[in-house]
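Here's the letter readout for the chains.
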Amino acid sequence: MKGRVLKSTGSWYEVLIEGGQVLQARARGKLRLDDINETNPVAVGDWVDLQPEGNNAVISAILPRQNHMLRQSVKKKGQAHVLAANIDQVMLIATLKQPRTSLGFIDRFLVSAEAFRIPQVIIFNKRDLLTETELEEQTKLMQRYQTFGTRTLALQATHDDLLEVNEILENKVTLVAGHSGAGKSTLLNRLSDRIQQATSNISSFSNKGTHTTTFAEMFRLDEHSFVIDTPGVKEWGLVDMEPQELSDYFPEMRAVRTSCKFGARCIHFHEPGCAVIAAVENQQISLARYESYLSMLAGEDNRK
Ligand SMILES: Nc1nc2c(ncn2[C@@H]2O[C@H](COP(=O)(O)OP(=O)(O)OP(=O)(O)O)[C@@H](O)[C@H]2O)c(=O)[nH]1
Ligand SMILES: [Mg+2]
Ligand SMILES: [Zn+2]
């Protein structure tokens, strides 16, 4: 039979099968979809083939993926972690403080999604903690992302009404990601009585290495809408790609790069007649985004 992985602990999986039943399953031997060295071959959101085994089941195959969000390990080069597979959109929960989400992190996350043309939404959470000046900084940041079509929203997940969030999630499978403590689980808990994720306050998550949510898990909001809560990620390592490929994942660069004198060979670094550099100079492309681009091009892991 066929099912969809709702939760993965690394050794056990919860799989939703037709009719709505959830089975506990283990994975059989070597299951590998592709040649990426993934720390978790079976990811939340994967469609799998499974056979009954007593009251439980065994996953015998992973069905081909439509897409996945893949994060390169920053510490162990060559190892990658799949946050989730077969998703319709990603929702990044970012915070200007407690904790601060760096622009480098946001941009790396967006690039990883854009590589699969997965639509992105950024929620700037904990609005209530910001001063007037910080609110202005946040508004500018939101406008920067909106100029190339990324939807952004500022929220206080603990109190605001979530009509717009609900509308964004409707009829889609959405991966929710962000740093530990950004408020992912807090937000999801308010969307449905069925979601009762543990959350914890600032003082406990600031202790190094503490994650309140430890495993990714997919929840059903209604028949066609699902959300995936994930453990906080500290750094987002990009998967290896060709330097010429990178600007394809910056929508605002993709829009102008066909005019570069060197065409597809241009990496928009210092080539003469580069349309991307010209667009940065006339402020059509944000300098901060271009700096993020250069940092990724240089193979840096994260930028503060
Ligand atoms: N002031 C304020 N606090 C918030 C807001 N949203 C969430 N929090 C608090 O932030 C803390 C962390 O929230 P969680 O939902 O556990 O964070 P998380 O992103 O799920 O963290 P991990 O599971 O470790 O990845 C909790 O104490 C929440 O109450 C907000 O809008 N404003
Ligand atoms: Mg959580
Ligand atoms: Zn160029």
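Predicted model only: the values in this text are computed from it and were never measured.

Cut-off values and rules
- Residues numbered from 1 in each chain as written.
- Chains lettered and ligands numbered in written order.
- Predicted model: local features only at pLDDT ≥ 70, side-chain atom pairs only at ≥ 80, totals over all residues.
- Heavy atoms only, no water.
- Buried < 20%, exposed > 50% of the residue type's maximum accessible area, 1.4 Å probe, protein only.
- Helix = DSSP H or I, 4+ residues; strand = E, 2+ residues; numbered from the N terminus.
- Contact = heavy atoms within 4.5 Å.
- Polar contact = N/O pair within 3.5 Å; in protein donor to acceptor, adjacent residues only side chain to side chain.
- Domains from an automatic or database assignment.
- Buried area = accessible area lost by both parts, 1.4 Å probe.
- Salt bridge = Lys/Arg side-chain N within 4 Å of Asp/Glu carboxyl O.
- Nonpolar A, V, L, I, M, F, W, Y, C, P; charged D, E, K, R; others polar.
- Donors = N, O, S within 2.8 Å, 3.2 Å for Na, K, Ca; no water.
- Near = heavy atom within 4 Å.
- Areas by Shrake-Rupley, 256 points an atom, 1.4 Å probe, with all protein chains shown as cover.
- 1 Å grid on protein atoms, 1.4 Å probe; cavity = no way out; pocket = protein on both sides within 12 Å on 5 of 7 lines; lining within 4 Å.
- Sits in = over half its atoms within 2 Å of the grid points.
- Core = buried A, V, L, I, M, F, W, Y, C linked by side-chain atoms within 4.5 Å.
- Points joined across faces, edges and corners; volume = space filled by probe spheres on them.
- Phe/Tyr/Trp six-rings, centres within 6.5 Å; stacked < 30°, edge-to-face > 60°.
- Lys NZ or Arg CZ within 6 Å of the ring centre and 35° of its normal.

Visitor: Help me understand helix α9 (residues 287–297), please; the structure alone is not making it clear to me.
Guide: Each full turn of the α-helix corresponds to 3.6 residues, which orients residues three or four apart in the same direction. Residues of α9 that are buried: Ala-288, Arg-289, Tyr-290, Ser-292, Tyr-293, Ser-295 and Met-296. Packed against the buried residues of α9 are α1 (103–114), α2 (132–146), α6 (243–246), α7 (251–254) and α8 (275–281). Where α9 starts, the residue carrying a side-chain oxygen 3.3 Å from the main-chain nitrogen of Ala-288 turns out to be Ser-286. Once α9 finishes, Gly-299 follows within two positions and takes phi at roughly 80°, a positive value.

Visitor: What's the story with the domain arrangement of the protein chain in this structure? I'm lost.
Guide: The accessible area lost on association of the parts is a frequent measure of interface size. Domain parsing of the protein chain yields domain 1 (2–62), domain 2 (68–229) and domain 3 (243–297). Computed from C-alpha coordinates alone, the two centres of domain 2 and domain 3 are separated by 27 Å. Contacts between the two partners involve 12 residues from domain 2 and, on the opposite side, 13 residues from domain 3. Overall, the association of domain 2 and domain 3 removes approximately 1100 Å² of surface from exposure, summing both partners, and the carbon and sulfur fraction of that is 61%. Between the two partners, domain 2 and domain 3, sit 3 salt bridges. Two residues, Asp-248 and Arg-117, come together in a salt bridge whose shortest N-O distance is 3.3 Å. Where domain 2 meets domain 3, there are 6 residue pairs in polar contact (both at pLDDT 80 or more). Listed by contribution, the elements that provide at least two residues to the side of domain 2 that touches domain 3 are α1 and α2. For the side of domain 2 that touches domain 3, the leading source of residues is α1, giving 7 residues. Residue composition of the side of domain 2 that touches domain 3, by class: 6 nonpolar, 1 polar and 5 charged.

Visitor: Would you mind showing me how to read the coordination of the magnesium ion (ligand 2) here?
Guide: Geometry sets the ideal angles at a metal, namely 109.5 degrees for four tetrahedral donors and 90 or 180 degrees for six octahedral donors. For the magnesium ion (ligand 2), the full set of protein donor atoms is Ser-185 (OG) and Thr-213 (OG1), and the range of their distances to it is 2.0 to 2.1 Å. Remark: Thr-213 occurs in the loop between α5 (202–205) and β12 (217–222) and Ser-185 occurs in helix α4 (residues 184–189); sequence separation between them is 28 residues.

Visitor: What is the right way to look at the site of ligand 1 in this model?
Guide: In the vicinity of ligand 1 lie 23 residues, with Asp-128, Ser-180, Lys-184, Thr-186 and Thr-213 positioned nearest. Between ligand 1 and Thr-212, the relevant distance is 2.9 Å, taken from an oxygen atom to a main-chain nitrogen or oxygen of the residue. Take Gly-232: an N or O atom from its main chain is 2.8 Å from an oxygen atom of ligand 1. Protein contacts shield 90% of the accessible area of ligand 1, which totals 660 Å² for the unbound molecule. A molecule is said to occupy a pocket when more than half its atoms come within 2 Å of that pocket's grid points, and by this definition ligand 1 occupies the second largest pocket. Taken together, the residues that form the shell around ligand 1 break down as 4 nonpolar, 16 polar and 3 charged.

Visitor: Sorry if this is basic, but what is going on with the pattern of salt bridges here?
Guide: In a structure, side chains of opposite charge can pair up when their charged atoms sit close to one another. On inspection of all chains with the given rule, the structure shows 13 salt bridges. For Glu-53, the salt bridge is made with Arg-26, and the minimal N-O distance between the two is 2.8 Å. Here Arg-26 lies in strand β3 (residues 22–27) and Glu-53 lies in strand β4 (residues 47–53), a separation of 27 residues in the sequence. Between Asp-160 and Arg-127 there is a salt bridge, with the nearest N and O atoms lying 3.0 Å from each other. On the criterion of sequence distance, the pair formed by Asp-160 in the loop between β10 (151–154) and α3 (163–169) and Arg-127 in the loop between β9 (120–124) and α2 is long-range, its members being 33 residues apart. One connected set of salt bridges, linked through shared partners, spans Asp-107, Glu-252 and Arg-289.

Visitor: Looking at this model, I keep getting lost on the nonpolar core. Mind explaining?
Guide: Nonpolar side chains tend toward joint burial in soluble globular proteins. Met-69, Ile-87 and Ile-228 are the most contacted members of the largest nonpolar core, which totals 52 residues. For this core, the element with the most residues is α1, which contributes 6 residues. Here this core spans two domains, since at least three of its residues come from each of domain 2 (68–229) and domain 3 (243–297). Residues within four places of Met-69 in sequence aside, it is in contact with His-81, Val-82, Leu-83, Ala-84, Ile-87, Val-90, Phe-109, Ser-112, Ala-113, Ile-118, Leu-175 and Trp-236. Counting 20 residues, the second largest nonpolar core, distinct from the first, contains Val-121, Ala-157, Ala-182 and Leu-187.

Visitor: Just checking my understanding: could you explain the layout of surface pockets for this structure?
Guide: Regions of empty space are outlined by a rolling probe, equal in size to a water molecule, passed over the atoms. Considering only enclosed or pocket space, the second largest pocket measures out at about 370 Å³ in volume. Lining the second largest pocket are 26 residues, with Gly-181, Ala-182, Gly-183, Thr-186 and Ser-200 positioned closest to its centre. Secondary structure elements with two or more residues in the lining of the second largest pocket: α4 and α5. Broken down by element, the lining of the second largest pocket gets its largest block of residues, 3 residues, from α4.

Visitor: What exactly am I supposed to notice about the packing of aromatic side chains here?
Guide: What describes a pair of aromatic rings is the distance from one ring centre to the other and the angle between the planes of the rings. Applying the stated rule across the entire model yields 5 aromatic pairs. Note on Phe-250 and Tyr-293: the rings are 5.5 Å apart at their centroids and 90° apart in plane angle, and the pair reads as edge-to-face. Of this pair, Phe-250 sits in the loop between α6 and α7 while Tyr-293 is found in helix α9, placing the two residues 43 residues apart along the sequence. Both residues of the pair, Phe-250 and Tyr-293, count as buried. Here the aromatic residues Phe-105, Phe-109 and Trp-236 are joined through ring pairs into a cluster of three or more. The positively charged end of Lys-2 is found above the aromatic ring belonging to Trp-47, 4.8 Å away from the centroid. Across from the ring centre of Phe-262, 5.9 Å away, lies the NZ or CZ of Lys-261, which sits over that ring.

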